[in-house]
Amino acid sequence: MAENRPLIKFAPSILSADFSRLGEQVAEAAEAGADYIHVDVMDGHFVPNLTIGSPVVAAIRPWTNLPLDVHLMIESPERHIRQFVNAGADIITVHIEACIHIHRVVQQIKEAKVRAGVALNPGTPLHAIEEILPLVNTVLVMTVNPGYGGQAFIEEVVGKIACLRADLDAKGLKAELAVDGGIDSVTAPIVVKAGARVLVAGSAVFNSGKPVGEALARIKASVQ
């Protein structure tokens, strides 16, 4: 009997999309079989880059029924959760490094009736999220240092992904293990083998020189 393959979900990141036709690109990703639309929010402080805010989330909301996965790479994310929820976010992920009181922030997200995620940078050890792990819906492991799209995958993080997968399974926790950074048809099989179940990909989907559907299909095929 063939071994059961894990269900892998795909979350194209609009950070690398063509913003002159953003709604259309979101719709193309959805039509190509995306499971989530990943929205990277950066404030120029927590990370060096400055990107979009809640108005862009509100603008793309009518273009898809897929869950909008809003990744807040910002200082004091608790100040902005409500506006992103009102804009149409379905999942809000905050960085452990940006939250002094992470339990309070996760509670705030859940009280807003959306799913809560916690992210950690490549240099942050897993024990930093140990206490919050049972309370979140998603754990996002960064496989690049956050701030810019198109960065090279950090191979040393693969061991962290495997350790987290083992920990989630051992404790019977249902949080989705997502990875973000340098994900393409080469690195996707590596992180899936380590235990990732949600793959966030930006440049490989929207900036590959191929149609969005073809680019996403290539990544999907690499893990089948």
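If you're wondering where the values come from, they're calculated on a predicted model, not measured in any experiment.

Quick notes on the rules
Residues numbered from 1 in each chain as written. Predicted model: local features only at pLDDT ≥ 70, side-chain atom pairs only at ≥ 80, totals over all residues. Heavy atoms only, no water. Helix = DSSP H or I, 4+ residues; strand = E, 2+ residues; numbered from the N terminus. Rg over C-alpha atoms; globule rule 2.2 N^0.38 Å. Buried < 20%, exposed > 50% of the residue type's maximum accessible area, 1.4 Å probe, protein only. Contact = heavy atoms within 4.5 Å. Areas by Shrake-Rupley, 256 points an atom, 1.4 Å probe, with all protein chains shown as cover. Core = buried A, V, L, I, M, F, W, Y, C linked by side-chain atoms within 4.5 Å. Polar contact = N/O pair within 3.5 Å; in protein donor to acceptor, adjacent residues only side chain to side chain. Pairing = 2+ DSSP bridges. Right-handed = clockwise from strand over helix to strand, strands pointing away. Arc of directions from axis to C-beta. Axes fitted to C-alpha atoms, helices over the stretch in contact; angles between N-to-C directions.

1. A look at the overall build of the chain
- Helix and strand content of the chain: 8 helices and 8 strands.
- In terms of overall dimensions, the chain is globule-like: its C-alpha atoms have a radius of gyration of 16 Å, near the 17 Å expected for 224 residues.
- With the C-alpha coordinates of the chain rotated into their principal frame, the extents come out at 45 × 45 × 30 Å.
- Evaluated residue by residue, the chain yields a buried proportion of 52% over its 224 residues.
- Of the contacts formed within the chain by residues at least 6 apart in sequence, a portion of 65% connects residues at least 24 apart.
- When the accessible area of the chain is evaluated, it comes to approximately 10300 Å², of which 51% is carbon and sulfur surface.

2. Focus on the nonpolar core
- Grouped together as the largest cluster of nonpolar side chains are 67 residues, with contacts concentrated most on Ile92 and Leu199.
- Those residues in contact with Leu199 that sit more than four places away from it in its chain are Ile8, Lys9, Phe10, Ala11, Val179, Ile183, Ala188, Val191, Val192 and Val223.
- Membership of the second largest hydrophobic core comes to 10 residues, among which are Ala11, Val144, Ala178 and Val198.

3. Quick notes on the side chain of Thr64
- Examined against the element boundaries, Thr64 turns out to sit in the loop between α2 (54–60) and β3 (68–73).
- From its side chain, Thr64 meets the backbone nitrogen of Leu66 in a polar contact 2.9 Å long.
- Those residues in contact with Thr64, other than ones at most four positions away along the chain, are Val26, Ala30 and Ile37.

4. Structural notes on the pairing of strand β2 (residues 37–42)
- Of all 6 residues in β2, 6 are buried; the element is thus mostly enclosed.
- Neither face of β2 is open: one carries Ile37, Val39 and Val41, the other His38, Asp40 and Met42, and all of them are buried.
- Bridge count for β2 against β3 is 6 bridges, and the pairing is parallel. Note that in β3 the partner of Val41 across the bridge is Leu72.
- For the segment spanning β2, α2 and β3, crossover handedness is right-handed.

5. What about helix α8 (residues 212–222)?
- When α8 is considered as a whole, its buried residues turn out to be Val212, Ala215, Leu216 and Ile219. All buried residues of α8 project into a common sector of 95° when viewed along the axis, lining one side.
- Its buried side turned inward, α8 meets β1 (9–12), α1 (22–31), α6 (188–194), β8 (198–201) and α7 (203–206).

6. Considering the side chain of Ser54
- Here Ser54 shows up in helix α2.
- If we ignore the near neighbours within four places in the chain, the residues touching Ser54 are Gln83, Phe84 and Ala87.

7. Details of the environment of Gly147
- Turning to its location among the elements, Gly147 is positioned in the loop between β6 (138–142) and α5 (158–171).
- The sequence separation of Gly147 and Val41 amounts to 106 residues, and the corresponding C-alpha distance is 9.4 Å.
- Those residues in contact with Gly147, other than ones at most four positions away along the chain, are Met42, Val47, Pro48, Asn49 and Met73.

8. Considerations on unusual backbone geometry
- Positioned with a positive phi, Ser76 is a non-glycine residue whose angle comes to about 45°.
- Structurally, Ser76 is set in the loop between β3 and α3 (81–87).
- A positive phi angle, near 70°, is found at Lys113, a position not held by glycine.
- Looking at Lys113, the relative accessible area reads 75%, which means it is exposed.

9. Re the sheet that holds β2
- Pairing is parallel across the open sheet formed by 8 strands, whose spatial order is β1-β8-β7-β6-β5-β4-β3-β2. What marks the edges here is a single partner per strand, and that holds for β1 and β2. On average, adjacent strands in this sheet sit at an angle of 25° to one another, irrespective of strand direction.
- The pairing of β1 with β8 spans 4 bridges and is classified as parallel. Its bridge partner lying in β8, Phe10 is registered against Leu199.
- Across the sheet, helix α4 (residues 102–111) is in contact with β4 (91–95) and β5 (115–120); its angle to β5 comes to roughly 145°.

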